[in-house]
Protein chains: 2
Amino acid sequence: VVDHTAADEPATGPAGSPDGALLEQLTAVVGAGAVSAGDVTADEAHDEALTVAPVAPLAVVRPSRRDEVAAVVRLAARHRVPIVARGSGTGLSGGAVPVPGCLLVSFERMHRIVDIDVDNHVAVVEPGVTLHQLDEALAPLGLMYPVYPGEQSASIGGNVATNAGGMRAIRYGVTRNQVLGLELVLGTGEVVRTGGRFVKSSTGYDLTQLVIGSEGTLALVTEATLRLHPRPRLASTVLAPFPRLDDVTAAVPRILGSSLVPSVLEYLDAIAMGGVTAAAGLDLGIADELRAQAAAYLVVLLQADDERRLEEDTATLAALLEEIGALDVFVLPPKAADELIVARERAFFAAKAAHADDIVDVVVPRAAMARYLHEVADLASAHGALVTGCGHVGDGNVHLSVFQPDEERRKALLSAMFRAGMECGGAVSGEHGIGTEKKPYYAALEDPAKLALMRGIKDVFDPAGILGPGRIFDR
Amino acid sequence: VVDHTAADEPATGPAGSPDGALLEQLTAVVGAGAVSAGDVTADEAHDEALTVAPVAPLAVVRPSRRDEVAAVVRLAARHRVPIVARGSGTGLSGGAVPVPGCLLVSFERMHRIVDIDVDNHVAVVEPGVTLHQLDEALAPLGLMYPVYPGEQSASIGGNVATNAGGMRAIRYGVTRNQVLGLELVLGTGEVVRTGGRFVKSSTGYDLTQLVIGSEGTLALVTEATLRLHPRPRLASTVLAPFPRLDDVTAAVPRILGSSLVPSVLEYLDAIAMGGVTAAAGLDLGIADELRAQAAAYLVVLLQADDERRLEEDTATLAALLEEIGALDVFVLPPKAADELIVARERAFFAAKAAHADDIVDVVVPRAAMARYLHEVADLASAHGALVTGCGHVGDGNVHLSVFQPDEERRKALLSAMFRAGMECGGAVSGEHGIGTEKKPYYAALEDPAKLALMRGIKDVFDPAGILGPGRIFDR
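Overview of the structure. (Residues numbered from 1 in each chain as written. Chains lettered and ligands numbered in written order. Predicted model: local features only at pLDDT ≥ 70, side-chain atom pairs only at ≥ 80, totals over all residues. Heavy atoms only, no water.)

What follows covers the overall build of chain A. Within chain A one finds 16 helices and 18 strands. Relative to the 2.2 N^0.38 estimate, which gives 23 Å for 475 residues, the radius of gyration of chain A is 23 Å and therefore close to what a compact globule would have. Across its three principal directions, the C-alpha atoms of chain A cover 75 × 55 × 45 Å. Out of the 475 residues belonging to chain A, those deemed buried represent 62%. Counting only contacts in chain A whose residues sit at least 6 apart along the sequence, the fraction spanning at least 24 positions is 75%. Total accessible area computed for chain A in this model is approximately 16500 Å², and 51% of it derives from carbon and sulfur atoms. The centroid of the 40 positive side-chain charges in chain A is displaced by 5 Å from the centroid of its 61 negative side-chain charges. (Helix = DSSP H or I, 4+ residues; strand = E, 2+ residues; numbered from the N terminus. Rg over C-alpha atoms; globule rule 2.2 N^0.38 Å. Buried < 20%, exposed > 50% of the residue type's maximum accessible area, 1.4 Å probe, protein only. Contact = heavy atoms within 4.5 Å. Areas by Shrake-Rupley, 256 points an atom, 1.4 Å probe, with all protein chains shown as cover. Lys, Arg positive; Asp, Glu negative; His and termini not counted. Charge placed at Lys NZ, Arg CZ, Asp CG, Glu CD.)

See the structure below:
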């Protein structure tokens, strides 16, 4: 149910009311068609986090360029009205969910690819550009932007806010490793540009890195300079069922210690594999007998430009997997391989369709995955829940779907799961972010001295405290 | 000349003087042998920046563990005495040079490799560990820490402070890309731990990245968690002279757009090549006639585990270089190759021996290198100076030795060179840092809004303003 209490006025508001004055001023900045108050869409009231209740903002504002964003922020600062930024709304932690009375600044109109600079392997984009849109522009040039967080409709702005990761992080790193510079609107409305079309700098504090992953609490991103990579021509996908989950996690250091450089290194437990293949209507041709023995699957994507090398690497990988204890090794035909990767990418939606009650994406040291997953199994059992998983096993980043409809019991389980992750040397989130939904768990586990540093940094960027209200931590 | 005015007292100081009281308290923390006041070595009064005048601190303090560092910082905060951190003193921007009356906190006793975690590809080290020391420990394990900034006696702590780069950054990235976590002592003496043995996180602001490159102004690093990589078994080094510098810079996008993944991609202009080979007593067997035609050289290191692939890649590279216009292509015998890489690594010392008056390490977009180097040549000529260069051409990071003994004319030239770099879309320093020596140039060129953010962040980490006095910016 959308809470419309603060948003049922027309965009101009009752004459003379403070909200009405603000809405008039916003309209003067971005134009009448770009401010919605009474007619906020249901979509804009939430993101993809499974646990959020939709909330309508005071208004949705859709700026079309940097100067409009700056003017909107200045108005909000003057009126002390909080701002929530929204890209495509595909986040999983509530980062884009409005608070009552806020302005939801949607970047949907700022979707221009400003430049693709082939010689520097750089793209400059507005925050509303989607991964799909960027990929369509890069493919004909033989280039790629490698971040692949499981949803190609995600926007670059949202990716920057959450430091999005995804399947290709094992080879290319996460958003943090691709963003070379940002144009930012601070909480005061000031505009600063950080970084540039270069891959290294030792010139003052790295403000680019500070803003990446700050979930809209420090600044609004109005432009990003991204690092591109040559697009490998050929790919080979290997699927290996293992009798035990421990065999999968034990395989990872062996693969990463070899000469092989996987582009994707994923695991799925048997339930997750069943879920994603069923949701995708995908038959990989694995015999029932084998499937009955398989507790977990490893999916490895190798890429190369040279056919012979790819074949050699695939053979090396297959031999290594057999040596490590795979029940069988399937080199998937291209179509099935693509379908499996897409199905894995859609694992969140499979979990959602199966009515998972929450999902988490804890990161632990990769060699601690086995220990962590055992602890999770014990915790799930102790809390009367089903927890099923898949994830970026090469990065120690596990996505766990939690099935426990009782909110209190589920929260107790989640607390215990996050705590166990940190006790394994990990962190609450590898790529989804804290947002509003993981905040209570994070607040309970994080060092108060670090939270104090973060609050202090936020005050520097956003002295009025209007940006990203209640995301990551409370002010 | 070392300024001993503030340091000629014995370590205990005149009884009852404020300095004496501090020195007594410091001695109680770290032990008598670990505080030096009157007997500061000449080495500790400076770093390797060509322009610094040595300055003696009030005292050198040599803590042996984290809690001692924290206690030293608390004492300094209470007495409002500034702290300059020192690793191996190999910095090139004055970052480790004392200010009168400061404590120089030397990390020479904190040189323990705490752990090498093969399964996670992680090393945990104290800040005084040197690159050489770490490499000796990793080589037998088939692992490497890839940062190679031209001085293997450099310490990890200093590398973190400056975000050290070096020749292998083209493949592996710089210090920023290797540091997964830090243990920090803030300006209040509080201890916090950031990050961990994982390669990705979206769990609050990335304080690790914020501290990297902050040149000792935010916190003292007492432990670093580093990312390791498999150590390639085989290497091939290719040297190609070109008739014009522009040919070299034009070659770079071609090489990086191919399937080749160079581990090193360096250029040297003819003078720099002459300097480094002469300083190293190295004869590469290039005929005089060819040398006379060569304006610049490209050095490319390829690495692999497989002999056939390395040969193929070397042949591909050689063909590409010929196509691009190399005067010749030399595949160097292993010994000569190693010697050339080491000689290139020692380019700074060659420049120093040739009495260069200053060196800078501007970074520009790699495709802007040609334009930038032309502008530098014009500026050098206009300022009656000789400027010769080499550098990490694949990263757009150029090291320029400036020969102009007149300080005023040299400073005018440097200002113009930095400005030109920024106008090409670059930044003042790619890897040396700002320190004290590049600060006036940086202050004149940086956006005041960004400097204000940095000062605000510094106040959060170091409210008493004692850490890294006058480094990067004035408070």
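From this point, the discussion proceeds with the structure in view.
Let us look at the relation of the copies chain A and chain B. Least-squares fitting of chain A to chain B yields an RMSD of 0.0 Å, with the transformation described by 0.0 Å of translation along the axis and a rotation of 180°. Given the turn and translation reported, the copies of this chain are related as if by a two-fold rotation axis. A shared binding surface is used by both copies, with 100% of the interface residues of chain A retained as interface residues in chain B. (Least-squares fit on C-alpha atoms with pLDDT ≥ 70 in both.)

Moving on: the interface of chain A and chain B. In many reports, interface size means the accessible area that the parts give up when they come together. Counting from both sides, the interface comprises 77 residues of chain A and, opposite them, 77 residues of chain B. Among the residues chain A hides against chain B, the three largest losses belong to A:Lys200, A:Ser202 and A:Tyr205. Together they make up 16% of the total. Applying the counting rule to chain A against chain B returns twelve salt bridges. Its salt-bridge partner being B:Asp313, residue A:Arg309 comes within 2.9 Å of it at the nearest N-O pair. Between chain A and chain B we count 37 residue pairs in polar contact (both at pLDDT 80 or more) in total. Going through the elements one at a time, β9 (191–195), α6 (207–211), α7 (245–256), α10 (307–324) and α16 (448–461) of chain A are the ones with two or more residues in the side of chain A that touches chain B. Among the elements that take part in the side of chain A that touches chain B, α16(A) stands out by supplying nine residues, more than any other. (Buried area = accessible area lost by both parts, 1.4 Å probe. Salt bridge = Lys/Arg side-chain N within 4 Å of Asp/Glu carboxyl O. Polar contact = N/O pair within 3.5 Å; in protein donor to acceptor, adjacent residues only side chain to side chain.)

All names here are of chain A. Sheet topology places strand β5 (residues 113–117) next to strand β6 (residues 122–125); four bridges connect them, and they run antiparallel. Paired with Ile113 across the bridge in β6 is Val125. A loop of four residues connects β5 with β6, the two strands running antiparallel in sequence, and His121 in this loop sits at a positive phi of about 55°. (Pairing = 2+ DSSP bridges.)

All names here are of chain B. With antiparallel pairing, the five strands of this open sheet are ordered in space as β5-β6-β10-β8-β9. Where the open sheet ends on each side, the last strands, each with one partner, are β5 (113–117) and β9 (191–195). Between one strand axis and the next, the sheet turns by 15° as a mean value, whatever way the strands run. Note: strand β8 (residues 179–186) against β9, five bridges, orientation antiparallel. From the neighbouring strand, Glu183 faces β9, where its bridge partner is Arg193. Along the sheet face, helix α3 (residues 131–138) touches β5, β6 (122–125) and β10 (219–227) and points at about 40° away from the line of β5. (Axes fitted to C-alpha atoms, helices over the stretch in contact; angles between N-to-C directions.)

Right, let's talk about the packing of aromatic side chains for a bit. The final tally for this structure, using the stated rule, is six aromatic pairs over all chains. Taken together, a centroid distance of 4.9 Å and an interplanar angle of 75° make the contact between A:Phe348 and A:Phe349 edge-to-face. The ring centre of B:Tyr148 lies 4.2 Å from the NZ or CZ of B:Arg168, which sits over that ring. One residue, B:Arg346, lies across the ring of B:Phe349, its end atom 4.2 Å from the ring centre. (Phe/Tyr/Trp six-rings, centres within 6.5 Å; stacked < 30°, edge-to-face > 60°. Lys NZ or Arg CZ within 6 Å of the ring centre and 35° of its normal.)

Next up on the list: the pairing of strand β14 (residues 296–304) of chain B. Residue and element names in this part refer to chain B. Summarising burial for β14: nine of the nine residues are buried, a large majority. Judged by which residues are buried, β14 turns out to be covered on both faces: Ala296, Leu298, Val300, Leu302 and Ala304 on one side and Tyr297, Val299, Leu301 and Gln303 on the other are all buried. Note that strand β12 (residues 234–242) and β14 share nine bridges and pair antiparallel. Residue Ser236 lies in a different strand from β14, and its bridge partner there is Leu302. Sheet topology places strand β13 (residues 264–269) next to β14; six bridges connect them, and they run antiparallel.

Okay, the nonpolar core next. Counting 181 residues, the largest nonpolar core has A:Leu298, A:Met417, B:Leu298 and B:Met417 as the members making the most contacts within it. If sequence neighbours within four positions are ignored, B:Met417 has contacts with B:Val360, B:Tyr372, B:Val376, B:Leu379, B:Val387, B:Leu400 and B:Val402. (Core = buried A, V, L, I, M, F, W, Y, C linked by side-chain atoms within 4.5 Å.)

Right, let's talk about the packing of α10(A) against helix α10 (residues 307–324) of chain B for a bit. With their axes 13 Å apart at the nearest point, α10(A) and α10(B) run at an angle of 160° to one another. Taken together, the axis directions place α10(A) and α10(B) in an arrangement best described as roughly antiparallel. Between α10(A) and α10(B) lies a crossing of left-handed hand. Packed against α10(A), whose contacting residues are A:Arg308, A:Arg309, A:Glu312 and A:Asp313, the element α10(B) presents B:Arg308, B:Arg309, B:Glu312 and B:Asp313 at the interface. Along the lines of polarity and charge, the residues of the contact of α10(A) with α10(B) split into no nonpolar, no polar and eight charged. (Parallel < 35°, antiparallel > 145°, perpendicular 65-115°, else oblique. Left-handed = near helix turned anticlockwise from the far one by under 90°. Nonpolar A, V, L, I, M, F, W, Y, C, P; charged D, E, K, R; others polar.)

All names here are of chain A. Under the definition given, this model contains 66 salt bridges over all chains. Across the salt bridge formed by Glu407 and Lys411, the nearest N and O atoms sit 2.8 Å from each other. Of the two residues, Glu407 and Lys411 both sit in helix α14 (residues 407–423), four residues apart, roughly one turn of that helix.

Turning next to the environment of A:Arg344. Mapped onto the elements, A:Arg344 comes out in helix α11 (residues 334–345). If near-sequence neighbours (up to four positions away) are discounted, A:Arg344 is found in contact with A:Met167, A:Glu266, A:Leu268, A:Cys390, A:Gly391, A:His392 and A:His399.

This part covers the side chain of B:Arg471. Residues and elements named next belong to chain B. Examined against the element boundaries, Arg471 turns out to sit in the segment after α16 (448–461). Buried and without a salt bridge, Arg471 has Glu215 as its closest oppositely charged side chain, separated by 7.0 Å. Look past the residues within four positions of Arg471 in its chain and what remains in contact with it is Val84, Gly94, Gly95, Ala96, Val97, Pro98, Val99, Glu215, Thr217, Gly435 and Thr436.

Across the sheet, four strands lie side by side as β1-β2-β4-β3 (chain A); this open sheet has mixed pairing. Strands at the two margins of the open sheet, each flanked by one partner only, are β1 (35–36) and β3 (83–86) of chain A.

Bringing the environment of B:Gly189 into the picture now. All names here are of chain B. With respect to the helices and strands, Gly189 occurs in the loop between β8 and β9. On the basis of relative accessible area, Gly189 is assigned to the buried category, the value being 6%. Counting along the chain gives 74 residues from Gly189 to Ser263, while the straight-line C-alpha distance between them is 40 Å. Those residues in contact with Gly189, other than ones at most four positions away along the chain, are Ala70, Val73 and Arg74.

Now for helix α11 (residues 334–345) of chain B. In a regular helix each residue adds 1.5 Å, so twelve residues correspond to 16 Å; α11(B) covers 16 Å between its end C-alpha atoms and thus fits that length. Among the residues making up α11(B), those that are buried are B:Ala336, B:Ala337, B:Leu340, B:Ile341, B:Ala343, B:Arg344 and B:Glu345. (Expected span 1.5 Å × (residues − 1).)

This brings us to unusual backbone geometry. In this structure, A:Arg80 takes a positive phi of about 55° despite not being glycine. Assignment of secondary structure puts A:Arg80 in the loop between α2 (66–79) and β3. By relative accessible area, which is 58% here, A:Arg80 ends up exposed. The backbone phi angle of B:Ile472 is positive, close to 70°, even though this residue is not glycine. As for its position among the elements, B:Ile472 is in the segment after α16.

With that out of the way, let us pick up the state of the cysteines. Residues and elements named next belong to chain A. One pass over the structure, following the stated rule, counts zero disulfides over all chains. Left unpaired, Cys390 is separated from the closest cysteine sulfur, that of Cys424, by 18 Å. With relative accessibility at 7%, the residue Cys390 sits in the buried group. (Disulfide = S-S within 2.5 Å.)

Turning to the packing of helix α1 (residues 18–30) of chain B against helix α2 (residues 66–79) of chain B, a few remarks are in order. Residue and element names in this part refer to chain B. Interaxial distance between α1 and α2 falls to 9 Å at its minimum, and their mutual angle equals 165°. Considered as vectors, α1 and α2 are oriented roughly antiparallel to each other. Both α1 and α2 take part in a crossing whose hand is right-handed. Facing α1, whose interface residues are Pro18, Leu22, Gln25, Leu26, Val29 and Val30, α2 presents Glu68, Ala71, Val72, Leu75, Arg78 and His79. Across the contact of α1 with α2, the residue classes break down as eight nonpolar, two polar and two charged.

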